[in-house]
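Results of the structural survey
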Amino acid sequence: MPEPGLPPDARAAARGGTTQLLLQTAARVFGIAFVLVVTRQLGPSQFGRYSVVAALLVIGNFLADFGTSPSVTRLVSRNPREADAVLAATVPVSLVLGLVGYAGVLGFAAVVYPHRQFVDVAIGCAAIPANSVLTTVFGAMDGVGLIARRALVGFLQTLVVVAGLVPVLAGGGVRGPIITLGLAPYFALAVAVPVARRGAGWRTLLSSDGSQRRRMLRVALPFALSGGLTALSMRFDVILLSVTHGRAETAAYDIAQRVVEACTFPAIAVAGALLFLLNRRLGDGDLDGARRAYGEGVRVLYAIGLPASATLAALAHPLTRAVFGATFDEAAAPLAILGAVLWLGFIVYLQDTLVMSGDHVRQGMGVIITNTGVTLGLDAVAVPAWGPKGAALAAVVATVFTVVNLDRFHRRTTGIAVPLPHWGLVAATAALALAELGLRHQPLVLALAAGVVAYLAVVAGTRSISFKDFKRLRS
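Now for a quick tour of the structure. (Residues numbered from 1 in each chain as written. Predicted model: local features only at pLDDT ≥ 70, side-chain atom pairs only at ≥ 80, totals over all residues. Heavy atoms only, no water.)

Our next topic: the packing of aromatic side chains. Tallying each qualifying case throughout the model produces four aromatic pairs. Ring geometry for F47 and Y50: centres 6.0 Å apart, planes at 25 degrees, overall stacked. One end of the pair is F47 and the other is Y50, both in helix α1 (residues 8-65) and three residues apart, which spans about a single turn. Taking the relative accessible area as the measure of exposure, F47 reaches 0% and is therefore buried. Under the relative-accessibility criterion, Y50 is labelled buried at 2%. Seen from their ring centres, Y302 and W343 are 6.2 Å apart, and the 50 degrees between their planes marks the pair as tilted. One end of the pair, Y302, is in helix α12 (residues 287-314); the other, W343, is in helix α15 (residues 342-357), with 41 residues separating them in the sequence. (Phe/Tyr/Trp six-rings, centres within 6.5 Å; stacked < 30°, edge-to-face > 60°. Helix = DSSP H or I, 4+ residues; strand = E, 2+ residues; numbered from the N terminus. Buried < 20%, exposed > 50% of the residue type's maximum accessible area, 1.4 Å probe, protein only.)

It is worth spelling out the layout of surface pockets at this point. A volume near 540 Å³ is recorded for the second largest pocket. Along the walls of the second largest pocket sit 22 residues, with V259, C263, T311, L312 and L319 positioned nearest its centre. Of all elements in the fold, only α1, α10 (247-262), α11 (265-283), α12 and α13 (316-324) reach the threshold of two or more residues within the lining of the second largest pocket. It is α12 that provides the largest number of residues to the lining of the second largest pocket, a total of six residues. In the lining of the second largest pocket, the residues fall into 18 nonpolar, three polar and one charged. (1 Å grid on protein atoms, 1.4 Å probe; cavity = no way out; pocket = protein on both sides within 12 Å on 5 of 7 lines; lining within 4 Å. Points joined across faces, edges and corners; volume = space filled by probe spheres on them. Nonpolar A, V, L, I, M, F, W, Y, C, P; charged D, E, K, R; others polar.)

Here the focus is the nonpolar core. A general trend in soluble globular proteins is that nonpolar side chains are found buried together. Ranked by size, the top nonpolar core spans 87 residues in total, and within it Y50, L56, V121, C125, Y253, I255 and L350 carry the most contacts. With 14 residues, the single largest contributor to this core is α1. Those residues within four positions of L350 in sequence are excluded, and the remaining contacts are V270, A271, L274, Y294, G297, V298 and L301. Core analysis: the next-biggest nonpolar cluster, separate from the first, contains 22 residues, V86, A88, M141 and A192 among them. (Core = buried A, V, L, I, M, F, W, Y, C linked by side-chain atoms within 4.5 Å. Contact = heavy atoms within 4.5 Å.)

Glancing now at helix α16 (residues 361-413). Helix length check: α16, at 53 residues, gives a terminal C-alpha distance of 10 Å against a target of 78 Å (1.5 Å per residue), a shortfall beyond 12%. The sharpest bend along α16 reaches about 150 degrees and sits at W386, with the proline P388 one to four residues further on. Directly beyond the C-terminal end of α16, a positive phi value near 80 degrees is found at G415. (Expected span 1.5 Å × (residues − 1). Bend = angle between axes of the 7 residues up to and from the residue.)

Moving on to empty space enclosed by the protein. On inspection of all chains with the given rule, the structure shows two cavities of 30 Å³ or more. In this structure, the second largest cavity spans a volume of roughly 40 Å³. If you go around the second largest cavity, the residues you meet are L354, V355, G358, D359, H360, F409, H410, T413 and T414. Sorting the residues of the lining of the second largest cavity by element identifies α15 and α16 as the ones contributing at least two each. It is α16 that contributes the most residues to the lining of the second largest cavity, three residues altogether. By residue class, the composition of the lining of the second largest cavity is three nonpolar, five polar and one charged.

Dropping the structure here:
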């Protein structure tokens, strides 16, 4: 529950962030269960087909969004009365962009992959047009503070994707999950539209207001560039692996990446709430309020991210074998490497949110272009040479570079910097890692329990997390 003394915008952000955190937790649990069942039922080769579709879908969704969802959030959060006009002008554009994005993905798949993989892509990536419209509606819901309802609709979309387990368990192969992947956003859109019409005052479904559309596109262009670059940096390594290596290697790295991404839900929840809150604060010129909100978000994510990173790095092999079986042992090394910088990935989410919320978006694009160029360059060298391990090492170097580069940008433009973690949290994380490493050959539950006890003991001894911090986390 948000604290009674919080301002209305902070209360809305806190309520939405809490709901999103809970639903993201449930969604990630379902997601891991989905991968667990699918990998054990289908094996590396068939799961590699699914990995290719999922990677292209991520890229296609980001490109088709074209920055419309964060721009809609920005415009609506700064003037909620504009929600109707903004949505009516943007939804037709989003639909066209989605169709163009789908056509682009199909063209790429037709050139690069054999016929069966092309059909997989055509089915799964049929989600792109619906996702393009859905993210625009989500952007308006976030802008008026309906973050909790948006999280519920997003959770419904996850449930439809997970329903792909049914045909797998019935012996239907990988095509069933690919079909549900393509259908999921259409179900979510059917729910999101009436919610937005009631909650955001979306009365005019479609509008021919060219001035409103041009205004939205001007705001969206920097977000479009950022989204496209983000998509490339997120999935370029998987696509490159699918071209230069076999399906088994692609599946192994994709599994490691999925596990790490499944652990990012706290960062997504905090960043989602901060996107709304920082837009409000910075739009009102409240730089000190924005700095406090940003600092609180970073401190919360340190407390969660540091122990999660240590656990993934220390117990990658037993975790991989326990969850996915010995067939996917090759995923353990990239999981350990990627897991070690999970906590820095949390910080990148908040840094990107600050870029998109402030008044220096265009300047921030130069930084994001540089970060993406470094990421793609590292992938281009490391992936063909060293496969999944090379992709993971490239991601580590790119993440460190990104954090440092974005922090320099924010210090220069707004004076808002990433606070360093409390020394007690660092010591507690080291104690957790040592305890888990020492027991990594013992039963997994014992190693995890020892790590938790060591972490809590050092945290309590150093008082790096107090009762006030728990109240802050709750709020």
